[in-house]
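# Observations on the model geometry
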Amino acid sequence: QVCPGVWGCLCCGLTGLVGIAVRPARAAEPASAPAPALVADLVAANHILFDQGVVDGFGHVSVRHDKDPSRFLLSRSMAPALVQAGDIMEFELDGAPVGAAGRMPYLERFIHGAIYRARPDVMSVIHSHSTGVAGGAALRPVFHLAGFLGPETPVFEIRDVAGPATDLLVRSDALGDALARTLGGHAVVLMRGHGSTTVGTDVRQTVFRAVYAEVNARLQSDAQRLGPVTFLTTEEAAAAAQTGNGLVGRAWELWRIRTP
Ligand code: MN
């Protein structure tokens, strides 16, 4: 009789135990296939974020897997504007790729997994190096469509957790955890000297937020050059964010037809 493996020790004693000891870790199986509409939205998000100037050759967008909340979907390492459905990979929340089939993952995939672990409400994550938000100054909402920023965005200082000599990239699960802690319950976290990360309850809302965080950064900078700025109050920001959630579809429809 051939020892069946894990339970083999019950029927053949030592042979089974040895079997357990020498068996290599089994590769994780992919979850059930994600809904095609979710993958289509993720591909579209990649293209829209480029079209709207949020990402360039760099930056990435993910969604939590609809069939398994302990997995997420993210393109292989490539320019977002060029992403197609076949480039979408599945990951565990520690950043381990599942069924990579030779495809190279993004170095900073840990940003996504750590945030999905820390924030069960988050269904999509966008990381970008967009010019408006990389300076390290906090963003504050100067107009209604950026109410989701809340009174002020947190700023992640990588030196506080990894010292003064990193390349600024979130290239480990531990750094991902540190970023997720700084994000806390906010929608956007700035990353000093690097970029920003935006979260939301679905990919369309998260794209909306990433686009308007960038618009707000430009408006904030322009407004501050003109004189003292009156920012939205905490209450105005909350109310405007609520209204904004109802407007996501209109913006998405427009952005969607502009991209192939
Ligand atoms: Mn980056």
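Let me begin by describing the structure that accompanies this report. The structure displayed is predicted, hence computed values, not measured ones. (Residues numbered from 1 in each chain as written. Predicted model: local features only at pLDDT ≥ 70, side-chain atom pairs only at ≥ 80, totals over all residues. Heavy atoms only, no water.)

### Section: the environment of Leu145
Threshold: In this text, helices come from DSSP runs of H or I with a minimum length of four residues, and strands from runs of E with a minimum of two, each type numbered from the N-terminal end. Burial here depends on accessible area, computed with a 1.4 Å probe over protein chains only, as a share of the maximum for the residue type. Under 20% is buried, over 50% is exposed, and the range in between is partly exposed.
Mapped onto the secondary structure, Leu145 falls in the loop between strand 5 (124-128) and strand 6 (155-156). Taking the relative accessible area as the measure of exposure, Leu145 reaches 17% and is therefore buried. On a C-alpha basis, the gap between Leu145 and Val211 in space is 10.0 Å, while along the polypeptide they are 66 residues apart.

### Details of unusual backbone geometry
The phi angle of most residues is negative, glycine excepted, and most peptide bonds adopt the trans form. Despite not being glycine, Ala101 shows a phi value in the positive range, around 50°. Here Ala101 lies in the loop between strand 4 (97-98) and helix 4 (110-118).

### Quick word on the coordination of the manganese ion
Just so we agree on the cut-off: Counted as donors are N, O and S atoms no farther than 2.8 Å from the metal, or 3.2 Å for Na, K and Ca; water is not among the atoms, and sites may therefore look incomplete.
Around the manganese ion, the protein contributes the donor atoms Glu108 (OE), His127 (NE2), His129 (NE2) and His194 (NE2), at 2.0 to 2.1 Å from the metal centre. Considered as a linear motif, the donors of the manganese ion on their single chain read E-x18-H-x1-H-x64-H. Residue His129 is located in the loop between strand 5 and strand 6, and its partner His194 is located in the loop between strand 7 (188-191) and strand 8 (195-200); the two are separated by 65 residues in the primary sequence. Among the residues examined, His194 registers a relative accessible area of 9% and is labelled buried.

### Regarding helix 7 (residues 203-226)
Going by this rule: Expected helix span is taken as 1.5 Å per residue step, with the number of steps being one fewer than the number of residues. The definition of a polar contact used here is a pair of N or O atoms within 3.5 Å, where within protein one atom must be able to donate a hydrogen and the other to accept one, and adjacent residues in sequence count solely through side-chain atom pairs.
For helix 7, which comprises 24 residues, the first-to-last C-alpha distance of 35 Å matches the rise-based estimate of 34 Å (1.5 Å per residue) to within 8%. If you check the start of helix 7, you find a side-chain oxygen 2.9 Å away from the backbone N of Arg204, and it comes from Asp202. Backbone geometry just after helix 7 places Gly227 at a positive phi near 155°.

### Describing the pattern of salt bridges
When charged atoms on two side chains of opposite charge get close, those side chains can pair. For clarity, the cut-off: Counted as salt bridges are all cases of a side-chain nitrogen of Lys or Arg within 4 Å of a carboxyl oxygen of Asp or Glu.
Counted by the stated rule, this structure contains 11 salt bridges. With its nearest N and O atoms 2.9 Å apart, the salt bridge here joins Asp121 to Arg119. Here Asp121 falls in the partly exposed class, since its relative accessible area comes to 39%. Among the ionic pairs, Glu157 bridges to Arg192, the shortest N-O distance being 2.7 Å.

### Looking at the packing of helix 3 (residues 36-51) against helix 9 (residues 248-257)
We count it as follows: Lines are fitted to the C-alpha atoms to define the axes, a helix being fitted only along its stretch in contact, and any angle between axes, read from their N-to-C directions, falls within 0 to 180 degrees. We call two directions roughly parallel when the angle between them is under 35 degrees, roughly antiparallel when it is over 145, roughly perpendicular when it lies between 65 and 115, and oblique otherwise. Any two residues whose heavy atoms approach within 4.5 Å are treated as being in contact. Throughout, the ten residues Ala, Val, Leu, Ile, Met, Phe, Trp, Tyr, Cys and Pro are labelled nonpolar, Asp, Glu, Lys and Arg are labelled charged, and all others, Gly among them, are labelled polar.
Axis separation between helix 3 and helix 9 bottoms out at 10 Å; the angle between their running directions is 75°. With respect to helix 9, the element helix 3 is oriented roughly perpendicular. Of the residues in helix 9, those touching helix 3 at Asp41, Ala44, Ala45 and Ile48 are Trp252, Trp255 and Arg256. Within the contact of helix 3 with helix 9, the residues separate by chemical class into five nonpolar, no polar and two charged.

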